[in-house]
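# Report on the structure
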Amino acid sequence: MQDTATSGDIHISVDETYKPLIEAELKVFHSIYPKAHITADYKPEAECFKDLFADSSRLIIVTRELNADEKEYFKKVKITPKSMLLAWDALALVTNKENPDSIFTMDQVREIMAGTSKRKWQLVFDNEKSSTVRYIIDSINKGKPLPAQTMAAKGNPEVIDYVAKNKDAMGIIGVNWISDTEDYETIDFTNKVKVVKLRADFGSEYVQPYQLYIAARSYPLVRGMFFVHREPHQGLASGFATFLGSQEGQLLIRRFKLFPARSNVVFRDATIK
């Protein structure tokens, strides 16, 4: 029996940096549509795209859209994939709580990521094939490799644990992993490590990856969160993708400290009395 937008059984592939958020999204979606059964497989971004091309996942949630070569592939096989920006995400740099260095300019970040900083940091990523590695190499290192002392953990919780135990370590993770919510294990992580403050190249203040600074680009390590699906009919992948862009889905995105791209959010100055 063919699945519909609100019923059926499918697997989707999700960039593991979004696990806390998507677990919460699925919990709400399943409560609204009890006949829907979506199993999310959390893995490195590169593996998500492999699943999409192999048609083992009709829907992926990742940090980029299809590139020109990927679009050409789908054109040749006569499939029209759909994609949409769901949110603006940020990468957080985290250090040991006893480490005094937690405020950096972007020039200092570039030196750290290139391995030319006077202080030798132990960089820790979630996975060698992760979207965070790709982002740092492409956007910060401009294609140059990471330092030899860089290590890959076995996931974002392991990054947090390693940094919490090692004074010279700096972890690079998605901001939803350190969001102080009541929905997931992230609340514990915020007490284990220190979140670095950064100053953008043309900025005047040092800020952490809060939603206001993500939206205004005052925080410099910002990227998009997208869905891409190849579903030929309005099935369950389309239904969940639509939910993620709906008011309910966007409210959860906001709770997990990403900046929702499909809803209007207004920031107002507050007067403290």
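All values derive from a computational prediction rather than experimental measurement.

## Here we look at the overall build of the protein
Helix and strand counts for the protein come out as 10 helices and 12 strands. Since a compact globule built from 273 residues should have a radius of gyration of about 19 Å, the 19 Å found for the protein is in line with a globular shape. Structurally, the protein occupies a C-alpha span of about 60 × 50 × 35 Å along its principal axes. Within the protein, buried positions represent 49% of all 273 residues. Once local pairs closer than 6 in sequence are excluded, the contacts in the protein between residues at least 24 apart make up 75%. When the accessible surface of the protein is totalled, it reaches about 13,700 Å², and 49% of it is carbon and sulfur. Positive and negative charge centroids in the protein, built from 37 and 36 side chains respectively, lie 3 Å apart.

## Some points on helix α4 (residues 106–114)
Every buried residue of α4 is accounted for by Met-106, Val-109, Ile-112 and Met-113. When α4 is viewed along its axis, its buried side chains cluster within an angular range of 110° and face the same direction. Lining the buried residues of α4 we find β4 (82–96), β5 (103–105), β6 (122–125), α5 (131–140), β8 (169–174) and β10 (197–199). Backbone geometry just downstream of α4 places Gly-115 in the positive-phi region, at approximately 80°.

## Examining the pairing of strand β11 (residues 222–229)
Extensive coverage of β11 is indicated by the burial of eight of its eight residues. Here four bridges tie strand β3 (residues 59–62) to β11, and the two strands are oriented antiparallel to one another. Residue Ile-61 lies in a different strand from β11, and its bridge partner there is Phe-227. For β4 and β11, the ladder comprises eight bridges, and the chain directions are antiparallel. Paired with Ala-90 across the two strands is Val-222, which belongs to β11.

## Let's talk about the packing of helix α1 (residues 19–32) against helix α9 (residues 236–244)
Between α1 and α9, whose axes approach to 11 Å, the crossing angle comes to 110°. As judged from the angle between their axes, α1 and α9 are roughly perpendicular. Crossing of α1 against α9: the hand is right-handed. When α1 is examined against α9, the residues Ile-22, Glu-25, Leu-26, Val-28, Phe-29 and Ile-32 are found in contact with a partner set consisting of Leu-236, Gly-239, Phe-240, Phe-243 and Leu-244.

## Let's talk about the pattern of salt bridges
A full pass over the atoms with the stated rule returns 15 salt bridges. Of the charged contacts in the structure, one is a salt bridge between Arg-110 and Asp-107, with a shortest N-O distance of 3.0 Å. Taken together, the positions of Arg-110 and Asp-107, both in helix α4 and three residues apart, correspond to about one turn of that helix. Lys-192 is the partner of Asp-161 in a salt bridge, and the nearest nitrogen-oxygen pair spans 2.9 Å. Here Asp-161 is found in helix α6 (residues 156–165), whereas its partner Lys-192 is found in the loop between α7 (186–189) and β9 (193–195), with 31 residues between them in sequence. Judged by its relative accessible area of 29%, Asp-161 is partly exposed. On the basis of relative accessible area, Lys-192 is assigned to the partly exposed category, the value being 28%. Connected via shared salt-bridge partners are Asp-3, Arg-58 and Glu-231.

## Regarding the environment of Asn-156
Here Asn-156 is to be found in helix α6. Here the alpha-carbon distance between Asn-156 and Lys-19, two residues 137 residues apart in the chain, equals 9.4 Å. In this structure Asn-156 touches Glu-16, Thr-17, Asp-126, Ile-173, Gly-174 and Trp-177, once residues within four positions along its chain are discounted.

## Points about the confidence of the model for the protein
Looking at the protein, pLDDT values average 91 and 92% of them are 70 or higher. For the protein, the element scoring lowest by mean pLDDT is α7, at 43; β3 scores highest, at 98. For the stretch residues 183–189, pLDDT sits under 50, and the model shows 22 contacts to residues farther than four places along the chain or on other chains. Here residues 269–273 scores under 50 on pLDDT; set against residues more than four positions off or in separate chains, the count is zero contacts.

Conventions adopted
- Residues numbered from 1 in each chain as written.
- Predicted model: local features only at pLDDT ≥ 70, side-chain atom pairs only at ≥ 80, totals over all residues.
- Heavy atoms only, no water.
- Helix = DSSP H or I, 4+ residues; strand = E, 2+ residues; numbered from the N terminus.
- Rg over C-alpha atoms; globule rule 2.2 N^0.38 Å.
- Buried < 20%, exposed > 50% of the residue type's maximum accessible area, 1.4 Å probe, protein only.
- Contact = heavy atoms within 4.5 Å.
- Areas by Shrake-Rupley, 256 points an atom, 1.4 Å probe, with all protein chains shown as cover.
- Lys, Arg positive; Asp, Glu negative; His and termini not counted.
- Charge placed at Lys NZ, Arg CZ, Asp CG, Glu CD.
- Arc of directions from axis to C-beta.
- Pairing = 2+ DSSP bridges.
- Axes fitted to C-alpha atoms, helices over the stretch in contact; angles between N-to-C directions.
- Parallel < 35°, antiparallel > 145°, perpendicular 65-115°, else oblique.
- Left-handed = near helix turned anticlockwise from the far one by under 90°.
- Salt bridge = Lys/Arg side-chain N within 4 Å of Asp/Glu carboxyl O.
- pLDDT = per-residue confidence, 0-100.

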